[in-house]
Amino acid sequence: MPDLSTSLKVEPTVFDISSPGRQGHYFPKSDVPQTNLPKGFVREDLPLPEIAEVDVVRHFTRLSQLNHGVDTGFYPLGSCTMKYNPKINEETARLAGFAKLHPLQPTETVQGAIGLMYELQEWLKEISGFTGLSLQPAAGAHGELTGVLIMRAYHKARGDEKRVKMLIPDSAHGTNPASSAMSGLKIVEIPSDSRGNIDMDALCAECDDTLAGIMITNPNTLGLFDENFKEVCDCVHEAGGLIYGDGANFNAIMGISRPADIGVDVLHFNLHKTFSTPHGGGGPGSGPVGVTEELAPFLPGPIAAVLDEGNAEEPPLFGLINPEKSIGRVKAFHGHFGVLVRAYTYMMMLGGEGLKAASEHAVLNANYIQARLRDTFTIPHDRICMHEFVLEGHWDDALDIHALDISKRLMDFGIHPPTNYFPLIVPEALMIEPTETESKETLDVFADTMIKIAEEAHTNPELLQTAPHNTPFGRLDEVKAARELVLCCWFPEDKEE
Amino acid sequence: MNFPKELKYTENDEWVRVEGDEGTVGITDYAQDQLSDIVFVEFLVDVGETFDKGDTFATVESVKAAADVYMPVSGEVVAINEDLPDAPEQVNSDPYGEAWMIKIKVSDASELSDLLDAAGIENLERDH
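Since this is a predicted model, take the numbers as computed values, not measurements. (Residues numbered from 1 in each chain as written. Chains lettered and ligands numbered in written order. Predicted model: local features only at pLDDT ≥ 70, side-chain atom pairs only at ≥ 80, totals over all residues.)

Enquirer: Go over the overall build of chain A with me, naming the residues and quoting the values.
Expert: Within chain A one finds 15 helices and twelve strands. At 25 Å, chain A has a C-alpha radius of gyration in line with the 23 Å of a compact globule built from 497 residues. In terms of principal-axis extent, the alpha carbons of chain A reach across some 75 × 70 × 50 Å. Contacts in chain A between residues at least 24 apart in sequence constitute 73% of all its contacts with a sequence separation of at least 6. (Helix = DSSP H or I, 4+ residues; strand = E, 2+ residues; numbered from the N terminus. Rg over C-alpha atoms; globule rule 2.2 N^0.38 Å. Contact = placed C-beta atoms within 7 Å.)

This is how it looks when you write it as structure tokens:
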């Protein structure tokens, strides 16, 4: 249990620094007529903190400094693509012509915004090979749900009602079975073979006329490009199923491999991973879905389109359309428009060659770290990796050390822990994704630190087991946090017994 | 790792204690050790329902992972350990005792012979 008295020494709450009567602002004069709220809706007191602006700014600046972010340190959180978010993205997203629009404005008055959506759709289609694309979904798992609903709608529209089975490899992100289950499908897990690919015998045994499709992440969560990918697609397609591509790992293949060209029917992108938009902490994300020609009529709308090509004198007229057999809206208005502006900016800044170079460097960086750690850690599927790789965070001669201990010890060196205990098929997994935006010097610091921690694991295991030591809080009690789901906003002394 | 001699086991680390035509089912010491601290146990079945061998009857969750628990043999559920969801830590502290999960009426006794004995599960080839 964290000691609350310690936390108060670290940084008081905004309520603790309140002083009665102190004010940070004045309300402007009301520009609408005053009305009285209905009885019962007006409260007598409102115990909000009373603080000067300077103290508010200092409080939140200090809090932000207690945090770890990609702007403060290396963040090799596998499967999350925590690349640097260029600041120009923030500049463009704040341009008044984008930031101050109202989503209900007539489309003739927001041509630039819809034009941006249209171009972004076209670019994402170009690098993925798809025919149709919707920018609606709010994030990755939402994109999955959308894509799976499209697959269901496609089978249903053909009168093929018995296709209720979705195949999920055992290395999949947990969101894949969740999205399928939410769409009313039955999930069948497919094991991986010894090289980390989908086991072909197990797959083919499930390819029958009840097959809705398969959800594949390629490269997969082991950071490996599935060598059986073509055969997997053929086997599923021959049985009448569809291929769902989880685009979480798209950062490995931009400008190199187009999912639609190698057999994928539906794929979601994660703009907050691959296309450098903010990630987590209320991001929000964005999970556009691309589809083949057969599935395009089922996409959620509205989708940006050219209504009139225009000519030498007149610019094109953009508008919003709804596909004919659309599964319906999946998000209010136009998706997370501010995120779309950031992703558009990123693609515009890098260009085609730049995006390809980003993927090449992402893969090179991951392979560099893998090579540097190969002699120190067990790498269960030791192949040339893509943008990330998985190692085992334990040693047979240091049995009391677990992946979690290594993760916590990394925090002492100002490094965010890798994803741990995932994928589930690797014991004590540590999943490392450096991204392309890190320099060789940073990669070396990380590799040196990992090697140093491995040495400590053997010479001074307690140092790892009690880590972190250099953070505002030490080891938190995750078990208690998970077992006692109490989020209280009072301090223990105020709690009524 | 502790595998009591009188129990039978599946390769997925469920155990069964057979008494007459009734079997008590839980997860092994090895399973709880691999999952680490169990924080959540949920039963997906009710007393009186009948299931096939291999059907999921419960989900256990630790701070590391979630895992399904499967029927070791086919049968009817005759009792559920209703106290376990409120004390999931018992799966760690007493996997073969307090942390029993369900009791079943075995519908096909011949399925019991497919299960492993203590020596069988101890020698089971594991990834880790």
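Enquirer: Account for the overall build of chain B, naming residues and giving values.
Expert: Along the backbone of chain B there are three helices and nine strands. In sequence order, the secondary structure elements of chain B are arranged as β-β-β-α-β-β-β-β-β-α-β-α. Computed over its C-alpha atoms, the radius of gyration of chain B comes to 13 Å, within 12% of the 14 Å expected for a compact globule of 128 residues. Principal axes of the C-alpha set define a box for chain B whose edges measure 35 × 35 × 20 Å. By residue count, 36% of the 128 residues in chain B fall in the buried class. Taking contacts inside chain B between residues at least 6 apart in sequence as the whole, the part at least 24 apart equals 62%. (Buried ≥ 20, exposed ≤ 12 C-beta atoms within 10 Å, placed from the backbone.)

Enquirer: An account of the packing of helix 6 (residues 140–157) of chain A against helix 7 (residues 175–182) of chain A is needed here, citing residue identities and associated values.
Expert: When two helices pack together, their arrangement is given by the angle between the helix axes and by the axis-to-axis distance. Residue and element names in this part refer to chain A. Here helix 6 crosses helix 7 at 45°, and the two axes come no closer than 9 Å. Judged by the angle between their axes, helix 6 and helix 7 are oblique. Crossing angle aside, the handedness with which helix 6 passes helix 7 is right-handed. Residues Gly140, Ala141, Glu144, Leu145 and Val148 of helix 6 touch helix 7, and the partners they reach there are Thr175, Asn176, Ala178, Ser179, Ser180 and Met182. (Axes fitted to C-alpha atoms, helices over the stretch in contact; angles between N-to-C directions. Parallel < 35°, antiparallel > 145°, perpendicular 65-115°, else oblique. Left-handed = near helix turned anticlockwise from the far one by under 90°.)

Enquirer: Can you lay out the interface of chain A and chain B for me, pointing to particular residues and giving the numbers?
Expert: Contacts between the two partners involve seven residues from chain A and, on the opposite side, eight residues from chain B. Tallied by class, residues from the side of chain A that touches chain B come to five nonpolar, no polar and two charged. (Nonpolar A, V, L, I, M, F, W, Y, C, P; charged D, E, K, R; others polar.)

Enquirer: With reference to specific residues and values, describe the pairing of strand 5 (residues 242–246) of chain A.
Expert: Residue and element names in this part refer to chain A. Along strand 5, five of the five residues are buried, which leaves the element largely enclosed by surrounding structure. Along strand 5, one buried face is formed by Leu242, Tyr244 and Asp246 and the opposite face, lined by Ile243 and Gly245, is buried too. Where strand 4 (residues 211–217) and strand 5 come together, five bridges link them in parallel fashion. Bridge assignment links glycine 213 to a residue of strand 5, and that residue is leucine 242. (Pairing = 2+ DSSP bridges.)

Enquirer: Talk me through helix 13 (residues 440–459) of chain A; I want residue IDs and the actual numbers.
Expert: Residue and element names in this part refer to chain A. Given a rise of 1.5 Å per residue, 20 residues ought to cover 28 Å, and the 28 Å separating the end C-alpha atoms of helix 13 matches this to within 8%. Those residues of helix 13 that sit buried are Phe446, Met450, Ile453, Ala454 and Ala457. What you see down the axis of helix 13 is that its buried residues fit within an arc of 105°, all on one side. For helix 13, the exposed residues lying more than 90 degrees away from the buried face are Lys440, Glu441, Asp448, Glu455, His458 and Thr459. Tucked inside the fold, the buried residues of helix 13 contact helix 11 (337–373), helix 12 (403–411) and helix 14 (461–465). (Expected span 1.5 Å × (residues − 1). Arc of directions from axis to C-beta.)

Enquirer: How would you sum up the sheet that holds strand 10 (residues 389–392) of chain A? Please name residues and give values.
Expert: All names here are of chain A. Taken in spatial order, the three strands make up an open sheet running 10-12-11, and their pairing is antiparallel. Either end of the sheet is taken by a strand with one partner, and the two such strands are strand 10 and strand 11 (419–420). Across four bridges, the pairing between strand 10 and strand 12 (residues 429–432) is antiparallel. In the strand pairing of strand 12, glutamate 392 is matched with alanine 429.

Enquirer: Which residues make up the nonpolar core, and what are the values?
Expert: One finds Ile150(A), Ile214(A), Val232(A), Tyr244(A), Val266(A), Leu340(A) and Ala343(A) to be the most contacted residues of the largest nonpolar core, which totals 109 residues. By residue number, the principal contributor to this core is helix 11 of chain A, which donates 14 residues. Other than its neighbours up to four places away in sequence, Val232(A) contacts Ile198(A), Leu203(A), Ile214(A), Ile216(A) and Asp226(A). Formed by 30 residues, the second largest nonpolar core is a distinct cluster that contains Leu7(B), Phe51(B), Met101(B) and Ile104(B). (Core = buried A, V, L, I, M, F, W, Y, C linked by C-beta atoms within 7 Å.)

Enquirer: Kindly report on the sheet that holds strand 5 of chain A, identifying the contributing residues and their values.
Expert: All names here are of chain A. Spatially, 1-7-6-5-4-2-3 is the arrangement adopted by the seven strands of the open sheet, whose pairing is mixed. What marks the edges here is a single partner per strand, and that holds for strand 1 (132–134) and strand 3 (186–190). Taken over all neighbouring pairs, the strand axes of this sheet differ in orientation by 20° on average, direction set aside. As paired strands, strand 2 (residues 165–169) and strand 4 are joined by three bridges and run parallel to one another. Of the residues in strand 4, the one forming a bridge with methionine 166 is glycine 213. Lying on the sheet, helix 7 is in contact with strand 2, strand 3, strand 4 and strand 5; it crosses strand 2 at an angle near 175°. Sitting on the sheet, helix 9 (residues 229–238) touches strand 4 and strand 5, and the angle it makes with strand 4 is about 165°.

Enquirer: Lay out unusual backbone geometry in plain terms, naming residues and giving numbers.
Expert: Residue and element names in this part refer to chain A. Backbone torsion omega between phenylalanine 422 and proline 423 reads 0°, so that peptide bond is classified as cis. Turning to its location among the elements, proline 423 is positioned in the loop between strand 11 and strand 12. A cis amide bond links alanine 467 with the next residue in sequence, proline 468, at an omega value of 0°. One non-glycine residue, phenylalanine 333, adopts positive backbone phi at about 55°. Unusually for a residue other than glycine, threonine 435 sits at a positive phi of about 70°. You can see threonine 435 is positioned in the loop between strand 12 and helix 13.

Enquirer: Residue-level account of helix 2 (residues 53–65) of chain A, with values.
Expert: Taking 1.5 Å as the rise per residue, helix 2 of chain A with 13 residues should run 18 Å; its terminal C-alpha atoms sit 18 Å apart, in good agreement. Within helix 2 of chain A, only zero of the 13 residues are buried, leaving the element largely exposed.

Enquirer: Talk me through the environment of Arg17(B); I want residue IDs and the actual numbers.
Expert: In this structure, Arg17(B) sits in strand 2 (residues 14–19). Each C-alpha atom, one on Arg17(B) and one on Pro4(B), is 9.9 Å from the other, the two residues being 13 residues apart in sequence.

Enquirer: Before we move on, could you go through the confidence of the model for chain B and cite the residues and values that matter?
Expert: Per-residue confidence for chain B averages 94 on the pLDDT scale, and 98% of its residues sit at or above 70. The ipTM, which scores confidence in the relative placement of chains, is 0.76 for this predicted complex, and the corresponding pTM is 0.88. (pLDDT = per-residue confidence, 0-100.)

Enquirer: Tell me about the confidence of the model for chain A, and please be specific about residues and values.
Expert: The share of residues in chain A with pLDDT of 70 or more is 95%, and the mean pLDDT across the chain is 93. Predicted confidence for residues 1–8 of chain A stays below pLDDT 50, and this span has seven contacts to residues more than four positions away or in other chains.

Enquirer: For the packing of helix 5 (residues 111–128) of chain A against helix 11 of chain A, give the residues involved together with the corresponding values.
Expert: All names here are of chain A. The interhelical angle for the contact between helix 5 and helix 11, taken along N-to-C directions, is 45°, at an axis separation of 10 Å. Classed by the angle they form, the pair helix 5 and helix 11 counts as oblique. With respect to the hand of their crossing, helix 5 and helix 11 are arranged in left-handed fashion. Of the residues in helix 11, those in contact with Ala113, Leu116, Met117, Glu119, Leu120, Trp123 and Ile127 of helix 5 are Phe337, Leu340, Val341, Ala343, Tyr344, Met347 and Leu355. Residues of the contact of helix 5 with helix 11, tallied by class, amount to 13 nonpolar, no polar and one charged.

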